[in-house]
Amino acid sequence: MKNIIKRYKFFIVTVIIMSIIFLIDFNVSKKALSIVGYSFKEMLLVIPPIFVLLGLLDIWVPRETMIKYMGEGSGIKGVALAIILGSAAAGPLYGAFPIAAVFMKKGVKFSNILIFIGAWSTTKIPMFLFELSSLGTKFAITRLLIDIPGIIIIAYILLRFVTKEEIKELYKNAENL
């Protein structure tokens, strides 16, 4: 029982807060539940396809291949592939984290995972195409030329702040997923 409470403490606290809001102001609680329902529906539409792709990635791409192209010693090729994969991705940012966990299982270098997450959040191809048509070529290309080096620089700065032991722990946790 203690483990269940510990594991679901955030959910339990949220239900308690929602119950209090329900007692205080029904309209606010109704709006909050509407937002929760919308978010839940959105996640149900996004998460299953991501997990199908994860399963395929896990089975079809051998660990040795991932290490060769994105692991330690992959150099600029690994960085470029991380940017391409992150830019080609579809869906909200929370979809990147399960993929990052699979990348960890496959032996992808930590800096390439950070670059992948940065590219997913910033350089998506559909967003770039929208910017080209709505904001102009000059803006879209300038933003992309600023974002890509920025993502790489931020990834390597973050790498300096995370110890090797913390990185090993992250990889160990990914193996247990």
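Above this note sits the structure.
Reference entry: report on the structure contained in this document. What you are looking at is a predicted structure, and each value in this text was computed from that prediction instead of being measured.

Some words on the overall build of the chain
Looking only at helices and strands, the chain features 10 helices and 0 strands. Counting from the amino terminus, helix and strand elements in the chain follow one another as α-α-α-α-α-α-α-α-α-α. At 20 Å, the chain has a C-alpha radius of gyration far larger than the 16 Å of a compact globule built from 177 residues. By its C-alpha atoms, the chain is 55 × 45 × 35 Å across when sized along the principal axes. Evaluated residue by residue, the chain yields a buried proportion of 31% over its 177 residues. Partitioning the intrachain contacts of the chain with sequence separation of at least 6 by distance along the chain shows that 73% fall at a separation of at least 24. For the chain, the exposed surface amounts to about 12,200 Å²; the carbon and sulfur share of it is 74%. Across the chain, the centroid of the 20 positively charged side chains sits 2 Å from that of the 11 negatively charged ones.

Some points on the layout of surface pockets
Empty space within the largest pocket amounts to approximately 410 Å³. In this structure, the largest pocket is lined by 22 residues; those nearest its centre are Leu53, Leu57, Leu85, Ile99 and Trp120. Mapped onto the lining of the largest pocket, the elements with two or more residues apiece are helix H3 (26–60), helix H4 (63–70), helix H5 (75–88), helix H6 (96–105) and helix H7 (110–122). If one sorts the elements of the lining of the largest pocket by residue count, H3 sits on top with 8 residues. Taken together, the residues of the lining of the largest pocket break down into 20 nonpolar, 2 polar and no charged.

Some remarks on the packing of H7 against helix H9 (residues 137–161)
When two helices pack together, their arrangement is given by the angle between the helix axes and the distance between those axes. Contact geometry of H7 with H9 gives a least axis separation of 9 Å together with a crossing angle of 145 degrees. Between H7 and H9 lies a crossing of right-handed hand. Residues Phe110, Ser111, Leu114, Ile115, Gly118, Ala119 and Thr122 of H7 form the contact with H9, whose own contacting residues are Arg143, Asp147, Ile151, Ile152, Ala155, Tyr156, Leu158 and Leu159.

Some remarks on the nonpolar core
Membership of the largest hydrophobic core comes to 30 residues, with the highest contact counts inside it found for Ile99, Phe103, Ile113, Ile115 and Phe116. Discounting chain neighbours no more than four positions away, the residues touching Ile99 are Ile50, Leu54, Phe116 and Trp120.

Re the environment of Ile115
Tracing the backbone through its elements, the reader meets Ile115 in helix H7. Given the relative accessible area of 0%, Ile115 is considered buried. Filtering out sequence-adjacent residues up to four positions away, Ile115 remains in contact with Val79, Ala82, Ile83, Ile151, Ile152, Ala155 and Tyr156.

Quick notes on the packing of aromatic side chains
Applying the stated criterion across every chain yields a total of 4 aromatic pairs. Relative to Phe26, the ring of Phe22 has its centre 5.5 Å away and its plane inclined at 75 degrees; by these criteria the two rings are edge-to-face. Given the relative accessible area of 45%, Phe22 is considered partly exposed. Centroid distance Phe103 to Phe116: 5.0 Å. Interplanar angle 65 degrees. Geometry classified as edge-to-face. On the criterion of sequence distance, the pair formed by Phe103 in helix H6 and Phe116 in helix H7 is long-range, its members being 13 residues apart.

Some thoughts on the pattern of salt bridges
Counting across every chain of the model gives 2 salt bridges. Salt-bridge contacts for Arg143 lead to Glu131; the nearest nitrogen and oxygen are separated by 2.8 Å. Of this pair, Arg143 sits in helix H9 while Glu131 sits in helix H8 (residues 125–135), and the two are 12 residues apart along the sequence. Take Arg143 and Glu131: they sit in the same class, and that class is buried. Its salt-bridge partner being Arg143, residue Asp147 comes within 2.2 Å of it at the nearest N-O pair. Of this pair, Asp147 and Arg143 both sit in helix H9, 4 residues apart, roughly one helical turn. For the pair formed by Asp147 and Arg143, the shared burial category is buried. Where salt bridges share partners, they join Glu131, Arg143 and Asp147 into one cluster.

Here is what the cut-offs are and how they apply
- Residues numbered from 1 in each chain as written.
- Predicted model: local features only at pLDDT ≥ 70, side-chain atom pairs only at ≥ 80, totals over all residues.
- Heavy atoms only, no water.
- Helix = DSSP H or I, 4+ residues; strand = E, 2+ residues; numbered from the N terminus.
- Rg over C-alpha atoms; globule rule 2.2 N^0.38 Å.
- Buried < 20%, exposed > 50% of the residue type's maximum accessible area, 1.4 Å probe, protein only.
- Contact = heavy atoms within 4.5 Å.
- Areas by Shrake-Rupley, 256 points an atom, 1.4 Å probe, with all protein chains shown as cover.
- Lys, Arg positive; Asp, Glu negative; His and termini not counted.
- Charge placed at Lys NZ, Arg CZ, Asp CG, Glu CD.
- 1 Å grid on protein atoms, 1.4 Å probe; cavity = no way out; pocket = protein on both sides within 12 Å on 5 of 7 lines; lining within 4 Å.
- Points joined across faces, edges and corners; volume = space filled by probe spheres on them.
- Nonpolar A, V, L, I, M, F, W, Y, C, P; charged D, E, K, R; others polar.
- Axes fitted to C-alpha atoms, helices over the stretch in contact; angles between N-to-C directions.
- Left-handed = near helix turned anticlockwise from the far one by under 90°.
- Core = buried A, V, L, I, M, F, W, Y, C linked by side-chain atoms within 4.5 Å.
- Phe/Tyr/Trp six-rings, centres within 6.5 Å; stacked < 30°, edge-to-face > 60°.
- Salt bridge = Lys/Arg side-chain N within 4 Å of Asp/Glu carboxyl O.

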